[in-house]
Amino acid sequence: MKLSPYDYFKLALVMLVVTFAWSCKPGKAGSSVDADAAKKVYVAPGKYDEIYAFLSGGFSGQIAVYGIPSGRLLKVIPVFSQNPENGWGYSEETKPMLNTSHGFVPWDDAHHPELSKTNGEDDGRWIFINGNNTPRIARINLTTFKTVEIIELPNIGGNHASPFCTENTEYVVGNTRFSQPLDNAKNDVPIDSYKQNFKGAVSFVKVDKDNGSMKLAFQLIVPPFNYDLAHAGKGPSHDWMFFTCYNTEEAHTLLEVNASQRDKDFVMAVNWKKAEELIQQGKGTKTPVKYAHNVYDENTHTATSTMETETQTLDVTKFPGLVYYMPCPKSPHGVDVTPDGENIVASGKLAAVIPVFSFQKMLTAIDKKDYDGMIDGNLPVLKYESVLKGEVKKPGLGPLHTEFDDKGFAYSTMFVSSEVVKWRIDNLQIVDRIPSYYSPGHLSIVGGDSKKPYGKYLLSLNKITKDRYLPTGPELAQACQLIDITGDKMKLLLDFPTIGEPHYAQMILADKINKNQVKFYKLEDNKNAYVTKSEKDTKVVRNGSRVDVYMTAIRSHLAPDNIEGIKVGDDVYIHVTNLEQDWDVPHGFAIKGANNAELLIMPGETCTLKWNPYQQGIVPFYCTDFCSALHQEMQGYFRVSPAGSNTPLKFSIGENPVTQ
Amino acid sequence: MSARQRYTFTLNRKIMKSLTRVLVFISATLMLSAYFLPLWHILLDAPQYPEGLEMKIWLKGLSGNIDQINGLNHYIGMKFIRNADFKEFKFLPYVFGILVSIGFMAAIAKSRKLLWIWFISLCLFAVIGFSDFYVWEYKYGHNLNPHAAIKVEGMNYQPPLFGYKQLLNFTAGSLPDAGGILVGLGGVLAAAAIFYKPKSSPNLSK
């Protein structure tokens, strides 16, 4: 057969098309979604979720509480950021909670929620979270889901490696991400004197085992590295706390490059038990500093802020045996201890392997002085090979963080290759991987950092969503993926957007928290200085230019609701007590033109709004929480008269024939 | 009547009599529970109150979610329910005490006459008690303040005497509570003691 040039052309065209079809890009993974996903995450209306998930809000400064497996948002707990929605940080009672040595700081960057632990297990009593920017640690009471204590940490910059707790919540820790000159040292120094003048301070905050109250116990002064994350030992490694260090180059500019030069940085092992003994023996150096300690009292419903003036420090170079360094490839982020307390997994975000250190080998190396040099003259670096159990090979790109299940597996996030990798703790072999959408930082398994992981669910906490949801302009939500880890293969069940940045999360069985819930505050136990326990005790009191309004709220009126004799320039404090004694009957309170937020007052609680009327006139106020069928009637008026006028102080509420 | 038959008859009477005494004794003891357990309760269910509201009626007073119930009732202008408004609770414990002691006395004295007096008093107590309960319900349900925010249709918001009734968004139930059930059981036993006559056993008459 003879082919014409045109036939050759047709043939070439067909071959081109076939070649093109063959060379198509590989398909995207969609198969990881569990076929039964809908059934597994469906929580019927009116039914409860099995798990509470506490997600940090990252740059929102708060904690978001989700139900798992449904992924339903249950509550945003205000912690470090003002929350106009319920008056947190706006009401007179809560303003002191956001006080610091720098004054009122109404925002922070909240990274790592940490459930309190007893015998290495989550006990459901409190959850701690760090403020990264202005170094702070907060404690939230899990019977009321309210932030009840915030302690500032002196001497550090960027409290990132925090607030990880020891096995029985003896301590929560804080550590500096940005080393800097200590607070009481000469600090007007050239930035390039970093190596001479900058320091790190490992902070141990003692937690009272009965009431949870926090106290800065001591700080270890360490070399000026960047300290990223931490985890306490448990069981055999109970006495130790492990921190990851990067920027061991001690760079102070363009860290992106200059802090990424060395092949290995460190895991710093701190013998906190030994440090505690040294402090008890009076070896600590008392140094003057300034840091705020804020406590919210749930009986007075009022916070107080105390400025502390002293810390105790131990210079680790003067006390041998306090810290040891384990070389760790490269710029490590997470440092995680296996449930049995025997192995320490570090994740170097620029490393090609995940090193797993053996705690027993570490002790042996310390005994044998198996050193690979010293830092700052006398801080031993242990030999990598001597402390290594092994390496997880080719885990993926950008390993960040690892947690554990109840069956001997570890799960690590890969930030750069955007996946979660499952591997066996005993032989360090990778058994499965699943894509993440996109770029996971931390992950969370129910009880995954404790002695007894519950397993079942894994949350991959992602930084980027791009095309995952309906677009909302340039600013998109971050998100997390819920993954079923009960089988051999990980299965994607659900993904849902979150508030702020879901930097890290802790998950706990709902039963451990649910049964202890407070439904409302008992009015008879309300010890607020301005409480009004009955409508007949309501009053308005003037003292110079200060006016105190003792107001009550009950369905469906505020008393008093007609108030005259307020003058321009007064400082008016409205103390509203919610008289209700029933579940889920909050009342709100807002004033037209007040340069403030609203109050949201729980049953039995008293909250105070400060208002500075600046012009004369009639000013309405009302209840903002749709409390009842007559909520729209729950309102009142202030009459504001000119400064210096003699309008008499008068307050009243119409007679209610029904309740007399 | 043969001697043997007479013997059997006497024996049967003796057995019956001690059975009666035991019944009366158990009955009076059950009634003592009124001092430790609530007699009656009114249950309120609404969409917003899935956990329900409850008012318990004891021999000596009321308990339960009275504040919440008053808080809700103020919308329809019902008078606030207050323990002090019920004089009954002041003397009820004594009246009932006398009643129960008559039962014990009947059992101890083996007196059928006392037993009858006891039974009739119990019946009277029940009739008067329920009538009084009804009158109170009527008063609360009908004396609604005309200035209240919600005008109930027909100005009638009377809870049921026994059983369930829909009142606006609430399903109201009026039912005996643990104490009431035990007292009722005591009443049944008291009636049994009087009216139940065991047949003579064929085995014994042979």
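This write-up is about the structure you can find in this document. Residue positions within a chain follow its written sequence, with the count starting from 1. Following the order in which they are written, the chains are lettered starting with A and the ligands numbered starting with 1. Since the coordinates come from a predicted model, pLDDT governs what is reported: local features require at least 70, and pairs of side-chain atoms require 80 or more to be given and counted, while whole-chain, interface and lining totals use all residues.

Let us now look at the overall build of chain B. Where helices and strands are cited, they refer to DSSP runs of H or I of at least four residues and of E of at least two residues respectively, numbered from the N terminus. On a plain count of helices and strands, chain B comes out with 6 helices and 5 strands. The burial criterion counts other C-beta atoms lying within 10 Å of a residue's C-beta, which is placed from the backbone; the residue is buried at 20 or more, exposed at 12 or fewer, and partly exposed between these limits. With 206 residues in all, chain B has 23% of them scored as buried. Within chain B, contacts between residues separated by at least 24 positions form 61% of all contacts whose residues are at least 6 apart in sequence. Working definition of a contact: two residues with C-beta atoms, positioned from the backbone, lying within 7 Å.

What follows concerns unusual backbone geometry. All names here are of chain A. The omega torsion across tyrosine 437 and tyrosine 438 is -15 degrees, close enough to zero to call that bond cis. Omega for the peptide link from alanine 559 to proline 560 comes to -5 degrees, which places this bond in the cis form. By the element assignment, proline 560 lies in the loop between strand S36 (557-559) and strand S37 (562-567). Unusually for a residue other than glycine, lysine 369 sits at a positive phi of about 50 degrees. Within the element layout of this structure, lysine 369 appears in the loop between helix H6 (359-367) and strand S22 (371-375). Accessibility expressed as a C-beta count within 10 Å gives 8 for lysine 369, which makes it exposed. Of note in the backbone geometry, aspartate 376 takes a positive phi value of approximately 50 degrees without being a glycine. Inspection of the secondary structure assignment puts aspartate 376 in the loop between S22 and strand S23 (379-382). Looking at aspartate 376, the number of C-beta atoms within 10 Å reads 11, which means it is exposed.

What follows covers the interface of chain B and chain A. The extent of an interface is frequently quoted as the accessible surface area lost upon association of the parts. Between chain B and chain A, the contact holds 10 residues from the first and 7 residues from the second. Grouping the constituent residues of the side of chain B that touches chain A by class yields 3 nonpolar, 6 polar and 1 charged. In this classification, the charged set is Asp, Glu, Lys and Arg, the nonpolar set is Ala, Val, Leu, Ile, Met, Phe, Trp, Tyr, Cys and Pro, and all remaining amino acids, among them Gly, are polar.

Another point: the pairing of S37 of chain A. The pairing criterion for strands is at least two bridges between them, as found by DSSP. Where S37 of chain A meets strand S43 (residues 635-641) of chain A, 4 bridges bridge the pair, whose relative direction is parallel. Each bridged residue has a counterpart across the sheet, and for lysine 567 of chain A the counterpart in S43 of chain A is serine 641 of chain A.

Right, let's get into the sheet that holds strand S5 (residues 170-176) of chain B. Residue and element names in this part refer to chain B. The sheet built from 5 strands is open, its strands ordered S3-S2-S1-S5-S4 with antiparallel pairing. With partners counted over all chains shown, the strands left at the sheet margins are strand S3 (62-64) and strand S4 (163-167), one partner each. Strand-to-strand, the axes of this sheet are offset by a mean angle of 20 degrees, without reference to chain direction. By the bridge criterion, 5 bridges tie S4 to S5 in an arrangement that is antiparallel. Looking across to S5, one finds that lysine 165 is bridged to alanine 172. With respect to the sheet, helix H2 (residues 66-73) is in contact with strand S1 (40-46), strand S2 (49-57) and S3, its orientation differing from that of S2 by roughly 110 degrees. Think of each axis as a best-fit line through the C-alpha atoms, taken over the contacting stretch in the case of a helix, with angles from 0 to 180 degrees between the N-to-C directions.

Attention now moves to the pairing of strand S13 (residues 226-232) of chain A. Residue and element names in this part refer to chain A. Most of S13 sits inside the fold, with 7 of its 7 residues counted as buried. Judged from the 5 bridges that link them, S13 and strand S14 (residues 240-246) form a sheet pairing that is antiparallel. Residue pairing for S14: alanine 232 is matched across the bridge by methionine 241.

All names here are of chain A. Nonpolar cores are built from buried Ala, Val, Leu, Ile, Met, Phe, Trp, Tyr and Cys residues. These are joined into a set through C-beta atoms within 7 Å. Counting 132 residues, the largest nonpolar core has Phe243, Val267, Val270 and Met326 as the members making the most contacts within it. No other element matches S14, which puts 6 residues into this core. With residues near it in sequence (within four places) discarded, phenylalanine 243 still touches Ala161, Asn175, Val202, Tyr227, Ala230, Met268, Val270 and Val335. Ranked by size, the runner-up nonpolar core spans 35 residues in total, among them Val549, Ile554, Trp611 and Cys627.

Turning our attention to the packing of helix H3 (residues 88-109) of chain B against helix H4 (residues 112-142) of chain B. Residue and element names in this part refer to chain B. Interaxial distance between H3 and H4 falls to 9 Å at its minimum, and their mutual angle equals 160 degrees. In terms of orientation, H3 lies roughly antiparallel with respect to H4. Seen from above, H3 lies across H4 with left-handed handedness. Within the contact between the two elements, H3 uses Glu88, Leu99, Ile102, Gly103, Met105, Ala106 and Ala109 and H4 uses Leu114, Leu115, Ile117, Trp118, Ser121, Leu122, Phe125 and Asp132. Roughly parallel refers to an angle under 35 degrees, roughly antiparallel to one over 145, roughly perpendicular to one between 65 and 115, and oblique to any angle outside these ranges. With the far helix as reference, a near helix turned anticlockwise by less than a right angle produces a left-handed crossing, and one turned clockwise produces a right-handed crossing.

Right, let's get into H3 of chain B. A rise of 1.5 Å per residue sets the reference length of H3 of chain B, with its 22 residues, at 32 Å; its end C-alpha atoms lie 31 Å apart and thus fit the reference within 8%. Directly after H3 of chain B, the chain includes lysine 110 of chain B, whose backbone phi takes a positive value near 50 degrees. A helix is expected to span 1.5 Å for every residue after the first.

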